[in-house]
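Residues per chain, in single letters:
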Amino acid sequence: MNFMNTNQAIYQLAENRQFSDWWFSMRQAVTKKCLLACKPKDHRKWEILDIGAGYGSNVPVLSLLGSVDGIEPQKLMHENLKKLGVKRILECDNFPLTFPTARYDCVTLFDVLEHIENDKEALKVIHNNLLNPIG
């Protein structure tokens, strides 16, 4: 099996388990509770950016709060992300050196920050360039 087929097999396994495995289910429940506690009472839909959206396990929860854009370098994931409701998949192959120009009410990074070499710079970019002033 070549590298690409191996990646596809791993992603397919993860995609199949993302809504039934206890780890994903519990993380989705905690995410929903935390984000609902932070959401303003004006009932306005949030603009959300999920950096490292992966196979989309958090997209259904994020979609309850608003419109979701995603950054995901693995193109294998894009079709599934769109099926789950991601509005736009943004090309940012070298985050945090490149990043979207849009501003968001909420930016998430599930299991991503530890994989970014310059994590402090990534957090600065999110705070200074991606989040709305009250995001």
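Up top is the structure.
A few points on the structure. These numbers come from a predicted model, not from an experiment. (Residues numbered from 1 in each chain as written. Predicted model: local features only at pLDDT ≥ 70, side-chain atom pairs only at ≥ 80, totals over all residues. Heavy atoms only, no water.)

1. Some details on the environment of Leu 109
Part 1 of the reasoning: Along the polypeptide, Leu 109 turns up in the loop between β4 (106-108) and α5 (119-130).
Part 2 of the reasoning: Overall, the relative accessible area of 23% leaves Leu 109 in the partly exposed class.
Part 3 of the reasoning: Note: C-alpha distance between Leu 109 and Leu 49 (60 residues apart in sequence) is 8.7 Å.
Part 4 of the reasoning: Discounting residues that sit within four places of it in the chain, Leu 109 has contacts with Asp 50, Ile 51, Ile 116 and Ile 126. (Helix = DSSP H or I, 4+ residues; strand = E, 2+ residues; numbered from the N terminus. Buried < 20%, exposed > 50% of the residue type's maximum accessible area, 1.4 Å probe, protein only. Contact = heavy atoms within 4.5 Å.)

2. As for unusual backbone geometry
Apart from glycine, the bulk of residues carry a negative phi angle, and the bulk of peptide bonds sit in the trans form.
Part 1 of the reasoning: Omega for the bond connecting Phe 95 with Pro 96 falls within 30 degrees of zero, at 15°, which places this linkage in the cis form.
Part 2 of the reasoning: For Pro 96, the location among the structural elements is in the loop between β3 (88-90) and β4.

3. Let's talk about a nonpolar patch on the surface
Part 1 of the reasoning: Among the surface-exposed residues, Trp 22, Trp 23 and Met 26 lie close enough to one another that they form a single nonpolar patch of about 410 Å² accessible area.
Part 2 of the reasoning: With respect to the element layout, Trp 23 can be found in helix α2 (residues 22-38). (Patch = residues over 30% accessible without salt bridge, like charges linked within 9 Å, V, L, I, M, F, W, Y side chains within 5 Å. Areas by Shrake-Rupley, 256 points an atom, 1.4 Å probe, with all protein chains shown as cover. Salt bridge = Lys/Arg side-chain N within 4 Å of Asp/Glu carboxyl O.)

4. Let's talk about the nonpolar core
Part 1 of the reasoning: Membership of the largest hydrophobic core comes to 16 residues, with the highest contact counts inside it found for Leu 35, Trp 46, Ile 48, Leu 62, Leu 81 and Val 86.
Part 2 of the reasoning: Those elements that provide at least two residues to this core are α2, β1 (46-51) and α3 (59-65).
Part 3 of the reasoning: Sort the elements by how many residues they give to this core and α3 lands first, with 3 residues.
Part 4 of the reasoning: Excluding residues within four positions of it along the chain, Leu 62 makes contact with Leu 35, Ile 48, Asp 50, Val 68, Thr 108 and Phe 110.
Part 5 of the reasoning: In this structure, Leu 49, Ile 51, Ile 116 and Leu 131 belong to the second largest nonpolar core, which totals 15 residues. (Core = buried A, V, L, I, M, F, W, Y, C linked by side-chain atoms within 4.5 Å.)

5. Some details on the pairing of β1
Part 1 of the reasoning: Judged by how many residues are buried, β1 sits mostly within the fold: 5 of 6 residues are covered.
Part 2 of the reasoning: Relative to strand β2 (residues 66-71), β1 runs parallel, the two sharing 6 bridges. Of the residues in β2, the one forming a bridge with Asp 50 is Gly 70.
Part 3 of the reasoning: Between the parallel elements β1 and β2, the chain passes through α3 in a crossover that is right-handed.
Part 4 of the reasoning: In this structure, β1 lies alongside β4, joined through 3 bridges in parallel fashion. (Pairing = 2+ DSSP bridges. Right-handed = clockwise from strand over helix to strand, strands pointing away.)

6. Points about the state of the cysteines
Here, the word disulfide means a covalent bond between the sulfur atoms of two cysteines.
Part 1 of the reasoning: For the structure on display, the rule yields 0 disulfides.
Part 2 of the reasoning: Unpaired in terms of disulfides, Cys 34 finds its nearest cysteine sulfur in Cys 38, a separation of 6.9 Å. (Disulfide = S-S within 2.5 Å.)

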